[in-house]
Each structure stands twice: as structure tokens, then as C-alpha cells.
Amino acid sequence: MKNISLNIDKVAGFVSKETIAAYEPQVKACMETLENGTGKGNDFLGWLHLPSSITAGHLANLKATAQVLRDNCEVVVVAGIGGSYLGARAVIEALSNSFQWLKAKQDGPVIVFAGHNIGEDYLFELTEYLKDKKFGVINISKSGTTTETALAFRLLKKQCEDQLGKEMAKKVIVAVTDAKKGAARVTADKEGYQTFIIPDNVGGRFSVLTPVGLLPIAVAGFDIEKLVEGARTMETVCGPTTPFAENPAAVYAATRNELYKNGKKIEILVNFNPKLHYMNEWWKQLYGESEGKDGKGIYPSAVDFSTDLHSMGQWIQEGERTIFETVISIEKPEHTLQVPSDSENLDGLNFLAGKRVDEVNKMAELGTQLAHVDGGVPNMRLIVPELNEYYLGEIIYFFEKACGISGYLLEVNPFNQPGVEAYKKNMFALLNKPGYEEESKAIQARL
Ligand code: PA5
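So, a few notes on the structure that sits alongside this text. (Residues numbered from 1 in each chain as written. Predicted model: local features only at pLDDT ≥ 70, side-chain atom pairs only at ≥ 80, totals over all residues. Heavy atoms only, no water.)

1. A short note on the overall build of the protein
Selection rule: Strands are runs of DSSP state E lasting at least two residues, helices are runs of H or I lasting at least four, and both sets are numbered from the N terminus onward. Computation of the radius of gyration draws on C-alpha atoms alone. For the globule rule, the value is 2.2 Å times the number of residues to the power 0.38. Per-residue accessibility, obtained with a 1.4 Å probe over protein chains only, is compared with the maximum for each type, and a residue is labelled buried under 20%, exposed over 50%, and partly exposed between these values. For this analysis, residues touch if any pair of their heavy atoms sits within 4.5 Å. Surface exposure here means Shrake-Rupley accessible area, sampled with a 1.4 Å probe, where a residue is shielded only by the protein chains that are shown. Under the convention used here, Asp and Glu are negative, Lys and Arg are positive, and both His and the chain ends fall outside the count. Think of each charge as sitting on NZ of Lys, CZ of Arg, CG of Asp or CD of Glu.
When you go through the protein residue by residue, the secondary structure sums to 18 helices and ten strands. For 447 residues, the compact-globule estimate of 2.2 N^0.38 gives 22 Å, and the C-alpha radius of gyration of the protein, at 23 Å, lies within 12% of that figure. Overall, the protein is about 60 × 60 × 55 Å in size when its C-alpha atoms are taken along their principal axes. Across the 447 residues that make up the protein, the buried fraction comes to 51%. Taking the contacts inside the protein whose residues are at least 6 apart along the sequence as the reference set, 78% of them involve residues at least 24 apart. Of the roughly 20600 Å² of accessible surface on the protein, 54% is carried by carbon and sulfur atoms. In the protein, the 47 positive side-chain charges and the 57 negative ones have mean positions that sit 4 Å from each other.

The structure is reproduced here in C-alpha cells:
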């Protein structure tokens, strides 16, 4: 079976292959640091050998709980934010029918997301939508105290109990949280919800292969065994015994760091398949939170092509030359659709008649790559044979491993996120949260 692969041919005019190859000893050292747990953030390395440590029994437990929700719910609300949200959404959206909302009959529950914003209209409209539905909730929070998620869960818990009764609500509310601490744990234990644990040593953005991602993905009806199997393959392929040139995570980490050193401060993750939109979002969090610190770090940005070629395409072609692109290229679509012939040919498209839509898309991809390289934008391609659970598992682990290596190459702690606390402190002070009295006074004085 083919694996995902990385092609860096189109960075050659910007940084030489020899320079990238010269990263080998540094990358090796970073990989050893990860393996030996001797680097910064070494208490958050649980993701490194997670795929190979997941047991069949664990997956069976997750599937059994997922089945309860599938059997009893028309809708399941997945509540979480950041690392407790994006991985599940990325995989579910990548695998779902684009028009699932319009399907009259679902094979399983509709999955919706909450707890990732504080939009009053969003939450109001969600509660309206749920009004006449049998719905369940997966409450995901590692700390168990995240305001966005806790607030949404407070509303959802009440509505679920009001609509279904307390006993039934207990059956369809599941918590994914810390083993011991946090409000989500306290509530789950008090109410007797089924719970799954987020391991202490796995940070949010590296947690998609824990129950944080696996439970919602299983509830959506997708094959979590295949997802983990793909990740497991990449754990080996991207492992410390693979030679540098054959290790895509090593080569990707080295190439993006060399581009960064050469003034390419922004990386744009590109897809030519709208189903990958949330994969972009997941990737942005993974790299943004891991590397953006100590005044350093590539800015991770993302676009959906060809849609955004009609908006951001101008900037990418001719704006400031501080960017490079990484394209996730899906080789084979799931379906076949040909361009029909038209006797009048008023739109002039008969030259495409009989061709597959994907052939047009692929030429858009190739044409864009050549144009952007000509315009001064280095280009890498992550080639993915098909968009399915197995290859999504490969993509996830590949990017996670490369992120760990890349963060160490950059000499930052890739596993903390001290910067995200600043807004929380101000918000709590502005809202007069108990315990924030001094901060409240100080912030009021600034207004
Ligand atoms: O990556 C991270 O650590 C964050 O994005 C968290 O996942 C996010 O803030 C949610 O935290 P929690 O799961 O504690 O609610």
C-alpha cells in the first residue's frame, strides 16, 4: 500500500537540496531529544508513541459508547475548543458528504459543534435547532474549566435534561476530560456520565488520536481503527530509524526551517478539495501554538483553492515575497463525474467535454504551482493517495511528528502555549470573576 509522500522539488530554486540535506545531524538530534524525552516540554510527549500504544480494547470501548449515541440521538453536539475541537472536526468534515445537511434520512446522528465561540446568536440558534430533536452531548475539555466550552455545556445540559429527562440525559451525555481534576470531571462524576480520559502527557493540539478526536469521529460513523492504523504506519515511517531523505517529517521540518531562515516567514497550507478546510484549521493550530513564541515562528496561514485563487490568489502571486506554500494534494477522488457535452456550447466549455472534473482541478493545481513558483513562492506537495480514514491518520501523525522536530529546530518549547492565557486573564478581570479582584481594578483603570 502506498503512503503519503512529500515532494520538495519546487523549493529547489529558493533553497538548495544540499542545504536541506545538511540538516540531517540537527534533525537527528531533535528526534533523539523527542525519543529520550530530554527536551523542552518533555512532560507532553504522550502523542509520540500514541498510535502504537492504542489497544483494540480501547477502540472497542469508544465504539460501544459511540453506538449508544448513534442509537439514541438524531443530533450529537460536540462541545470543545482549540485542541479539544479542531481534530475531530477536521476528520469528520474531510470524510462527510458535503451536503449531509440536506439528506432526508441520516445513517447516524447529525454532528454539530459548540463550545468553540461565545457567539450569542450561534448558541441561540443552536438551542432553537435542538428544540424538537433527540440530542446528545460530548463535552470535551482537558482542563474542564474552559469558559467557551463550559458555557455551551451549561446550556446544553439543561436543555438535554429538560427535553429528555435526567435519566435519559445521563445516557447521552459523555465527558472527555482529565482523570481527576476540573469542573467537567466533577460534574461527570456527580451526574454519573460515561467518561473518557485525556492523558496528562498529551497536549490539546496533539490529542486528536485520544478520545478527544476518536469518540466524535466514531459517533459520526467513521472507522477509527483505520485512522489509528494510518497514524501507526507514519509512526514507523517518520521514526528515528528511517534515513533522513526517506523520512517525510524530517525533510518537511528541515525544509520549512531553511525557508524561514531565508525570509519566508509565512507558510500557506493549500488544498484543492473543500473537504479539507478544517484540516487547514487543525494544522494552523498545531503549528501556530507550537512555534509562535519567544518572538519567533513561521506564521501558519491556509487557503482553499481554487476558491481562494479568486481572492488571495492575487496576494500570493504578487504580494510581499515572504511566503511559501505546502499543498495537500489528493490523488484520487472518491467519485467520478464527467463534464457533459453541450450542442450549443454557449459557455465554450466543449473542449472539456468527456473529461473528469478532477482533471480540470488537477490542471488548476499544476498551473497554480508553476505560476506561484514563477512568482517567487517555494512550493512543497504532500501527496495523499485518497481521502479516507487511513490516510487522514497518516497526515495527522506526519504533521505532529514534523511539528515536534521543527519546534526543536527553532529552539522553542513546541508543547506549551503560555500566550493563550493573556486574553483569559483580561476577560475574567473584565467580568469580575471571583479571585480576579486586583486584576479587575487594574484593568478598569486602563479603560
Ligand atoms: O492546544 C491546547 O492546549 C488548547 O487549544 C486547548 O485544547 C484549548 O484551549 C481547550 O482546552 P481544554 O481542553 O482544557 O478545554
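2. Remarks on the site of the ligand
The line we're drawing: Whether a residue is near a molecule or strand depends on its heavy atoms: it is near if one of them lies within 4 Å of it. For this analysis, a polar contact is any N or O atom pair within 3.5 Å, provided that within protein one partner can donate a hydrogen and the other can accept it, and provided that sequence-adjacent residues contribute only side-chain to side-chain pairs. Any residue outside Ala, Val, Leu, Ile, Met, Phe, Trp, Tyr, Cys, Pro, Asp, Glu, Lys and Arg is labelled polar, Gly included; the first ten of those are nonpolar and the last four are charged.
Taken together, 13 residues surround the ligand, and among them S84, S141, K142, T146 and Q285 come closest. S84 has a polar side-chain atom sitting 2.6 Å from an oxygen atom of the ligand. In this structure, K142 approaches the ligand through a main-chain N or O atom, which is 2.7 Å from an oxygen atom. Here the ligand has 380 Å² of accessible area as a free molecule, and 87% of this is covered by the chains. Within the shell around the ligand, the residues separate by chemical class into one nonpolar, nine polar and three charged.

3. Quick notes on the environment of F196
The topology assignment puts F196 in strand β6 (residues 194-197). Taking the C-alpha atoms as reference points, F196 and I140, 56 residues apart in sequence, are found 9.4 Å from one another. With residues up to four places along the chain from it excluded, the contact list for F196 reads N61, L62, T65, V174, A175, V176, T177, P211 and L215.

4. A word on the sheet that holds strand β5 (residues 173-177)
In plain terms, the rule: If DSSP finds at least two bridges between two strands, the strands pair. Note on geometry: axes are lines fitted to C-alpha atoms, helical ones only across the stretch in contact, with angles between N-to-C directions running from 0 to 180 degrees.
One open sheet holds the five strands; their spatial order is β3-β2-β4-β5-β6, and the pairing between them is parallel. Each edge of the open sheet is held by one strand with a lone partner, namely β3 (110-114) and β6. With direction set aside, neighbouring strand axes in the sheet form an average angle of 20°. Summarising the sheet, strand β2 (residues 75-79) and strand β4 (residues 135-141) pair through five bridges and their orientation is parallel. For V75, the partnering residue across the bridge sits in β4 and is F135. Across the sheet, helix α7 (residues 147-164) lies against β2, β3, β4 and β5, angled at about 155° from β4, the strand it touches most.

5. Here we look at the nonpolar core
Within soluble globular proteins, side chains that are nonpolar tend to cluster in buried spots. Note the following rule: Residues belong to a common nonpolar core when they are buried Ala, Val, Leu, Ile, Met, Phe, Trp, Tyr or Cys residues joined through side-chain atoms within 4.5 Å.
If you look at the biggest cluster of nonpolar residues, it comprises 117 residues, and the most contacted ones within it are W282, F398 and F399. Counting residues per element, this core draws most heavily on helix α16 (residues 389-409), at 13 residues. Sequence-distant contacts of F399, that is, excluding residues within four places in its chain, are made with Y252, L269, W282, W283, L286, Y287, I328 and L382.

6. Quick notes on the sheet that holds strand β1 (residues 5-7)
The strand order across the open sheet built from five strands is β1-β10-β9-β7-β8, with neighbouring strands paired in mixed fashion. Here the strands that pair on one side only, and so sit at the sheet edges, are β1 and β8 (299-304). Within this sheet the neighbouring strands show an average axis-to-axis angle of 25°, counted without direction. As paired strands, strand β7 (residues 266-271) and β8 are joined by six bridges and run parallel to one another. Pairing of L269 across the sheet is with A302, part of β8.

7. Considering the packing of helix α5 (residues 86-95) against α16
Here is the rule: Note on convention: near helix rotated counterclockwise from far helix by under a right angle means a left-handed crossing. Clockwise means right-handed.
One way to put it is that α5 packs onto α16 with a least axis distance of 11 Å and a crossing angle of 145°. The way α5 lies across α16 gives a crossing that is right-handed. Facing α5, whose interface residues are V91, A94 and L95, α16 presents E389, L392 and I396. Among the residues forming the contact of α5 with α16, the class breakdown is five nonpolar, no polar and one charged.

8. Comments concerning the packing of aromatic side chains
Using the following cut-off: Put simply, two rings from Phe, Tyr or Trp (the six-membered ring, in Trp's case) pair if the centres are within 6.5 Å, and we call them stacked under 30 degrees between planes, edge-to-face over 60, tilted for the rest. We count a charge as sitting over a ring when the NZ of a lysine or the CZ of an arginine lies within 6 Å of the ring centre and within 35 degrees of the ring normal.
Here the structure, examined in full by the defined rule, presents 17 aromatic pairs. For the pair F398 and F399, a centre-to-centre distance of 4.9 Å together with 50° between the ring planes defines the contact as tilted. Considered together, F398 and F399 belong to a single accessibility category, that of buried residues. In this structure an aromatic cluster arises from ring pairing among W47, F206, Y397, Y408 and F415. Its guanidinium or amino end placed over the ring of Y129, K133 lies 4.2 Å from that ring's centre, counting from NZ or CZ. Taking the ring centre of Y260 as reference, the NZ or CZ of K265 above it sits at 4.5 Å.

9. Description of the packing of helix α12 (residues 248-261) against α16
The following threshold applies: Between 65 and 115 degrees an angle is taken as roughly perpendicular, under 35 as roughly parallel, over 145 as roughly antiparallel, and anywhere else as oblique.
Taken N-terminus to C-terminus, the directions of α12 and α16 make an angle of 45°; their axes are 8 Å apart at the nearest point. In terms of axis orientation, α12 runs oblique to α16. α12 and α16 meet at a crossing whose hand is right-handed. Contacts between α12 and α16 involve P248, A249, A250, Y252, A253, A254, R256 and N257 on the former and, on the latter, F398, F399, K401, A402, I405, S406 and L409.

10. Topic: the pattern of salt bridges
Any two side chains of opposite charge can pair if their charged atoms end up close together. Condition: The working definition used for a salt bridge is a side-chain nitrogen of Lys or Arg within 4 Å of a carboxyl oxygen of Asp or Glu.
One pass over the full model with this rule turns up 26 salt bridges. A salt bridge links K166 to E161, with the nearest nitrogen and oxygen atoms 3.6 Å apart. On the basis of relative accessible area, K166 is assigned to the partly exposed category, the value being 42%. Among the ionic pairs, E421 bridges to K424, the shortest N-O distance being 3.5 Å. Placement of the pair is E421 and K424 together in helix α17 (residues 421-430), with a separation of three residues, close to one helical turn. Take E421: its relative accessible area is 43%, and that puts it in the partly exposed class. Residue classification places K424 among the partly exposed residues on the basis of a relative accessible area of 23%. Through salt bridges with shared partners, a single ionic network connects K157, E161, K166, K190 and E191.

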